[in-house]
Amino acid sequence: MRFFVAMVSHETNTFSPIRTDRGQFEARDLRYGGEILEAYRGTGTCLGGMIDGAAARGVTLVPSLAASASPAGRVSKEFYDEARDRLVADLRAAGPLDGVLLDLHGAMVVEGIDDGEGDLLQAVRTTVGAVPIAVTLDFHANVTRAMAATATLLHGYKTYPHVDMDARGREAAGRLADVVAGRIRPTVAYRQPPMLPPIAGQLTTRGPMRRLYDLADAMEARPRVLSISLFAGFPLADIPDAGLSIYVVTDGDQALADALADELAAAAWALRREFLHAALPVKGAVARALALDGRPVVLADIADNTGGGAAGDTTEILRELLRVGARGATVACLWDPAAVRACLEAGVGATVSLAVGGKIDPGHGAPLAVSGRVRTLSDGRFMHKGPMFRGLEGRLGPTAVLDVNDVKIILISHRWQTLDPEMIRFVGIDPLGEKILVVKSSIHYRAAFEPIARAILEVDAPGLSSSNLARFTFTRVRRPIFPLDDM
Ligand SMILES: [Zn+2]
């Protein structure tokens, strides 16, 4: 068998002022052809799983394009058109194909196109005709009717933090081989209850998503049920289809797929209030962290998560740490390329005075004037050690550590959420030795930080990935929808 494989991945926060253009993809990942297989083989990613799964089934992969950028504002129409046209041209040039494997996000919004993946899938379908298409989608996909109707199979991650990406990639490759071989005949049901769950309430280790997945796991064990994906959705996208969705695949039994999807939709609706989430105010959180025995205490800056499209440059928690004279604290990481350049020019050991952060997203906090010593400089390259992205190189761009009275600020040039303690270790700071670790992440940090943290406190600071949805002005999402409307 021959499968075409490609990745186009972006989670779009439509409230972000940062346009996602070609440069943003180049900074994160933009590869073509065989290089994709070399870069992703054996990594904890969907592509890594697809490569592995294809090898296990003796499938030859025809690699096309791998494009991903850090979550931010709408993807530029120019880059989207370029990526789609490249993919379609590669499909036409690929020769006879038995299947198409796509690693997509599911919450990509393009300038002028609300449903990025729906549009891309329709272009692929038009090109390949009846050839089956299997797609992995992020847990935060805002799945549309167009996506569900166009793909043969969708496979959503079942975990948040996303620790099953490679498993889902392997599964997608295996199921596609089963479809091609005629061993299964997928019948699909898709449901979209009127729910927009905030990010911080979506974790799958406990809470409502755990309960829904427990129900889905039991259903998956039944005969003729192939797979169930529950998408919590990405709420910070003001598009009609944002929010939770349910996708059930059975083997040749439409009535069963429909019945299970209805049951899951009703269960999700009944749990809607449990997704609501409250975090600690900044001052209270910092005071509590300092009062706790033991270390490290993680202060999760959940509203400034670059992984949810926030700028990654807000300063409110840092401001409070400096105000109260905290010591033994690390802020990981603050996105500020200009501050990094100033540190590079000054050199290691130099004392610099500058304003950090608050430059891209001043609506959520002003720049903060600090004086400190340049402790470390780095090219920002490190290796993810997992559980997420294990084996994949991380690239933070030029990176500096500025030490302000033992509050260490890791300044980075490429936006990336703090989901791996390696992002602290590789610049020479021992995360276990710190009293306080500020991490800019909503949920993903938990996979690697929960095992090492003395305590975790979620902080309700300002930012574009806030789980307080009342802070955003939605005008285009379908209404009524919970919790924007009290239903
Ligand atoms: Zn996600």
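Located above this text is the structure these notes cover.
Residues numbered from 1 in each chain as written. Predicted model: local features only at pLDDT ≥ 70, side-chain atom pairs only at ≥ 80, totals over all residues. Heavy atoms only, no water.

K.L.:
Explain the pairing of strand S3 (residues 60-68) to me, and be specific about the residues and the numbers.
P.N.:
Among the nine residues that make up S3, seven are buried, leaving the element largely enclosed by the rest of the structure. Bridge count between strand S1 (residues 2-9) and S3: seven bridges; the pairing is parallel. The residue bridging Arg2 from the neighbouring strand is Thr60, located in S3. As defined by bridge partners, strand S2 (residues 29-32) adjoins S3 across four bridges and the pair is classed as antiparallel. Within S3, the residue paired with Tyr32 across the bridge is Leu65. (Buried < 20%, exposed > 50% of the residue type's maximum accessible area, 1.4 Å probe, protein only. Helix = DSSP H or I, 4+ residues; strand = E, 2+ residues; numbered from the N terminus. Pairing = 2+ DSSP bridges.)

K.L.:
Explain the coordination of the zinc ion to me, and be specific about the residues and the numbers.
P.N.:
Distances from the zinc ion to its protein donors, Asp138 (OD), Asp138 (OD), His140 (ND1) and His162 (NE2), fall at 2.1 to 2.8 Å. Considering all four donor atoms around the zinc ion, the spread of angles at the metal, 51 to 143°, places the coordination shape in the irregular class. Counting the intervening residues between successive donors of the zinc ion yields the motif D-x1-H-x21-H. Judged by relative accessible area, which is 4%, His140 ranks as buried. (Donors = N, O, S within 2.8 Å, 3.2 Å for Na, K, Ca; no water. Tetrahedral: all angles 85-135°; square planar, octahedral: opposite > 155°, others 65-115°.)

K.L.:
Account for the sheet that holds strand S8 (residues 225-231), with residues named and values stated.
P.N.:
Reading across from one edge, S7-S9-S8 is the order of the three strands in this open sheet, with antiparallel pairing throughout. The sheet is open, and its two edges are formed by strand S7 (186-191) and S8, each paired on a single side. Strand-to-strand, the axes of this sheet are offset by a mean angle of 10°, without reference to chain direction. In this fold helix H9 (residues 254-270) packs onto S7, S8 and strand S9 (245-251), with an angle of close to 25° to the strand it touches most, S7. (Axes fitted to C-alpha atoms, helices over the stretch in contact; angles between N-to-C directions. Contact = heavy atoms within 4.5 Å.)

K.L.:
I'd love a proper account of the packing of aromatic side chains, names of residues and values included.
P.N.:
Going through the model one piece at a time under the given rule, you end up with six aromatic pairs. Between Phe15 and Phe474, the ring centres sit 5.2 Å apart and the planes meet at 80°, which makes this aromatic pair edge-to-face. One end of the pair, Phe15, is in the loop between S1 and helix H1 (22-28); the other, Phe474, is in the segment after strand S19 (455-458), with 459 residues separating them in the sequence. Of the residues examined, Phe15 reaches a relative accessible area of 22% and is grouped as partly exposed. Ring geometry for Phe139 and Tyr160: centres 5.4 Å apart, planes at 40°, overall tilted. Of this pair, Phe139 sits in the loop between strand S5 (133-137) and helix H6 (145-150) while Tyr160 sits in the loop between strand S6 (153-156) and helix H7 (165-180); the two residues are 21 residues apart in sequence, bridging distant segments of the chain. In terms of burial, Phe139 and Tyr160 fall into one category: buried. Joined through ring pairs, the aromatic side chains of Phe15, Phe472 and Phe474 make up one cluster. If you follow Arg272 out to its NZ or CZ, it ends over the ring of Phe482, 5.6 Å from the centre. Against the face of Trp335 rests Arg415, its NZ or CZ located 5.5 Å from the ring centre. (Phe/Tyr/Trp six-rings, centres within 6.5 Å; stacked < 30°, edge-to-face > 60°. Lys NZ or Arg CZ within 6 Å of the ring centre and 35° of its normal.)

K.L.:
Tell me what's going on with helix H12 (residues 337-346), and back it up with residues and numbers.
P.N.:
Residues of H12 that are buried: Ala339, Val340 and Cys343. Projected down its long axis, H12 shows its buried positions confined to an angular sector of 105°, all on one face. If you follow the buried residues of H12, they end up packed against strand S12 (351-356), strand S13 (368-378), strand S16 (399-404) and strand S17 (407-412). Just downstream of H12 lies Gly347, where phi reads positive at about 90°. (Arc of directions from axis to C-beta.)

K.L.:
Pulling in residues and values, what's your account of the sheet that holds S19?
P.N.:
The strand order across the open sheet formed by eight strands is S12-S13-S16-S17-S11-S18-S10-S19, and the pairing between neighbours is mixed. Lying at the two open borders of the sheet, with one neighbouring strand each, are S12 and S19. Averaged over all neighbouring strand pairs, the angle between strand axes comes to 30°, with direction disregarded. Two strands pair when backbone bridges link them, and S12 and S13 are joined in this way by six bridges, in the antiparallel orientation. Directly across from Leu354, in S13, lies its bridge partner Val370. Packed onto the sheet, H12 meets strand S11 (329-335), S12, S13, S16 and S17 and runs at close to 170° relative to S12.

K.L.:
Lay out unusual backbone geometry in plain terms, naming residues and giving numbers.
P.N.:
With an omega of -10°, the peptide bond running from Arg295 to Pro296 counts as cis. At Arg224, a residue that is not glycine, the phi angle is positive and equals roughly 70°. In this structure, Arg224 sits in the loop between helix H8 (208-220) and S8. Exposure remark for Arg224: the relative accessible area of 46% places this residue in the partly exposed category. Backbone geometry at Phe389 places phi at a positive 60°, although glycine is not the residue there. Taking the relative accessible area as the measure of exposure, Phe389 reaches 13% and is therefore buried.

Any functional reading would require information beyond the geometric quantities listed.
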